[in-house]
Amino acid sequence: MLEELRIGVIGAGGIAQDRHIPALAALKNKVTIPAICDVNQSKAEKVAKTFDIPYVFKEYEEMLSTVVLDAVVICTPNKFHADITITALRAGAHVLCEKPMAMTTFESRKMVKAAKKADKLLSIGYHYRYTEAAYMAKKSIQEQKIGDPLVTRIRAMRRRKVPGWGVFTNKELQGGGSLIDYGCHFIDLAFWLLNHPQPVEVIGRTYNRLSTTPNQVNEWGAFDYQTFNVDDHVSSYITFQDGSSLQFECSWAANIKEDEMHLSISGAEGGLSVYPFEIYRPQDNEYQLSEENADHNHNEDQAGERQISNFVNSCLGMESLLVKPEEALKVNQIIEAIYDSSNKGRSVRLENPE
Ligand SMILES: NC(=O)c1ccc[n+]([C@@H]2O[C@H](COP(=O)([O-])OP(=O)(O)OC[C@H]3O[C@@H](n4cnc5c(N)ncnc54)[C@H](O)[C@@H]3O)[C@@H](O)[C@H]2O)c1
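Residues numbered from 1 in each chain as written. Predicted model: local features only at pLDDT ≥ 70, side-chain atom pairs only at ≥ 80, totals over all residues.

### Description of the overall build of the chain
Now for step 1: When helices and strands are counted, the chain shows 10 helices and 16 strands.
Now for step 2: A compact globule built from 354 residues should have a C-alpha radius of gyration of about 20 Å, and the chain, at 21 Å, falls within 12% of that.
Now for step 3: Overall size of the chain, expressed as C-alpha extent along the three principal axes, is 65 × 50 × 40 Å.
Now for step 4: Across the 354 residues that make up the chain, the buried fraction comes to 46%.
Now for step 5: Sequence separation of at least 24 residues holds for 73% of the intrachain contacts in the chain that already meet a minimum separation of 6. (Helix = DSSP H or I, 4+ residues; strand = E, 2+ residues; numbered from the N terminus. Rg over C-alpha atoms; globule rule 2.2 N^0.38 Å. Buried ≥ 20, exposed ≤ 12 C-beta atoms within 10 Å, placed from the backbone. Contact = placed C-beta atoms within 7 Å.)

Written out as structure tokens, the structure reads:
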């Protein structure tokens, strides 16, 4: 059994520098980072210097065939997630790949198969599951505090915050906009909380009218409205085999008063809201805030550290992965169904999404 993991980093951009490398570096007694790679080699060299990483590569294939690695963390644009994951798994490395798993269900399925064939771990960066608020919600549902979940509501709403950096508005490199980039976290969280119910029918509509109009106020930097070809606002309604349903809305650039981050579930015996965590149960024929009501909030840094810790401990055989690849594949199925429904202008059925 390994006692120390040699972990390589692929893609040296924002999420690698701000979340994953610091979280890995904090696990000094369990992890070393022997190598990093980025197609932008000077960026990789700069990051290697900052974090004291000995070897720098431009091509991930060369890194995987030159350095002995037990695992890799993949932080590239979405288009490259599937190919890099499959190559790394075949080279014998466990993989933590950033979200979304891939651009399509087809690619995601190939990743699940490759992990099975290589007998290596594959997890996806859905770190919202690791917040204290999410843990509390999961525990409450497992303890039957709200009974059978009936209606779930998601509002992942940013006001005038199209990411003006990186490639987030490039459909070819990302596969979509606000839904595949931001909404995916909430779909993953809801499905995990609900214990992965079987979706039956999805209706969705995507929009980008605001971001394709000139002279819009945007708080997160400049982007080119003339080449903007991804969604900035999405609504959807999803029904499940067990009779429950999910109302979904996400946006990067909504015309609303302020940002909203909302995930709530009404169950047969009570209800809960995740941000901040609150639980509501009927007492004396009235709904009251229960005593467990507490401000367990959404701490992204803590969630990022817990995510890396769970991945590292799982590779070392000390824990099981919280985010399993088959679950992340289901998020891609829903994303694809929403885009598909919007393109076709009608609902789509997911009879047998496996
Ligand atoms: N979990 C989260 O909340 C979260 C937040 C931000 C980004 N992300 C995800 O992380 C990924 C990267 O996002 P980012 O914000 O770091 O973007 P970024 O643009 O800052 O960094 C991406 C890096 O990948 C490099 N790259 C591109 N193609 C490559 C290849 N084939 N091989 C090696 N390197 C390559 C680029 O040169 C760039 O340095 C995306 O999939 C994004 O969805 C997740």
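### Some details on the domain arrangement of the chain
Now for step 1: Looking at the assigned domains, one finds that the chain contains domain 1 (5–124) and domain 2 (129–303 + 331–349).
Now for step 2: For domain 1 versus domain 2, the separation of C-alpha centres amounts to 27 Å.
Now for step 3: Across the contact, 13 residues belong to domain 1 and 14 residues belong to domain 2. (Domains from an automatic or database assignment.)

### Comments concerning the packing of helix 8 (residues 178–193) against helix 10 (residues 325–344)
Now for step 1: As a packed pair, helix 8 and helix 10 sit with axes 9 Å apart at the nearest point and diverge in direction by 125 degrees. Comparing the axis directions of helix 8 and helix 10 gives the class oblique. The interaxial crossing formed by helix 8 with helix 10 has right-handed handedness. Of helix 10, the residues touching helix 8 (which contributes Leu179, Ile180, Cys184, Ile187, Asp188, Phe191 and Trp192) are Glu327, Ala328, Lys330, Val331, Ile334, Ile335 and Ile338.
Now for step 2: Among the residues forming the contact of helix 8 with helix 10, the class breakdown is 11 nonpolar, no polar and three charged. (Axes fitted to C-alpha atoms, helices over the stretch in contact; angles between N-to-C directions. Parallel < 35°, antiparallel > 145°, perpendicular 65-115°, else oblique. Left-handed = near helix turned anticlockwise from the far one by under 90°. Nonpolar A, V, L, I, M, F, W, Y, C, P; charged D, E, K, R; others polar.)

### Looking at the pairing of strand 9 (residues 199–207)
Now for step 1: With eight bridges connecting them, strand 9 and strand 10 (residues 233–240) associate as antiparallel partners. Pairing of Val202 across the sheet is with Ile238, part of strand 10.
Now for step 2: In this sheet, strand 16 (residues 348–349) lies alongside strand 9 in antiparallel orientation, the contact comprising two bridges. Residue pairing across strands places Val202 opposite Val348, the latter belonging to strand 16. (Pairing = 2+ DSSP bridges.)

### Looking at the nonpolar core
Now for step 1: Of all hydrophobic cores here, the largest spans 102 residues; its most connected members are Ile7, Val9, Ile36, Val72, Val95 and Ala190.
Now for step 2: If you tally residues by element for this core, the top one is helix 8, at 11 residues.
Now for step 3: Here this core gathers at least three residues from each of two domains, domain 1 (5–124) and domain 2 (129–303 + 331–349).
Now for step 4: Discounting chain neighbours no more than four positions away, the residues touching Val9 are Ala16, His20, Ile21, Ile33, Ile36, Val73 and Cys75. (Core = buried A, V, L, I, M, F, W, Y, C linked by C-beta atoms within 7 Å.)

### Overview of the site of the ligand
Now for step 1: Lining the immediate environment of the ligand, one finds 25 residues, of which Gly11, Gly13, Gly14, Glu98 and Gly166 sit closest.
Now for step 2: Counting residues per element, the shell around the ligand draws most heavily on helix 1 (residues 14–25), which supplies three residues.
Now for step 3: The class makeup of the residues in the shell around the ligand is 11 nonpolar, nine polar and five charged.
Now for step 4: Split by domain, the residues of the shell around the ligand number at least three in each of domain 1 (5–124) and domain 2 (129–303 + 331–349). (Near = placed C-beta within 6 Å.)

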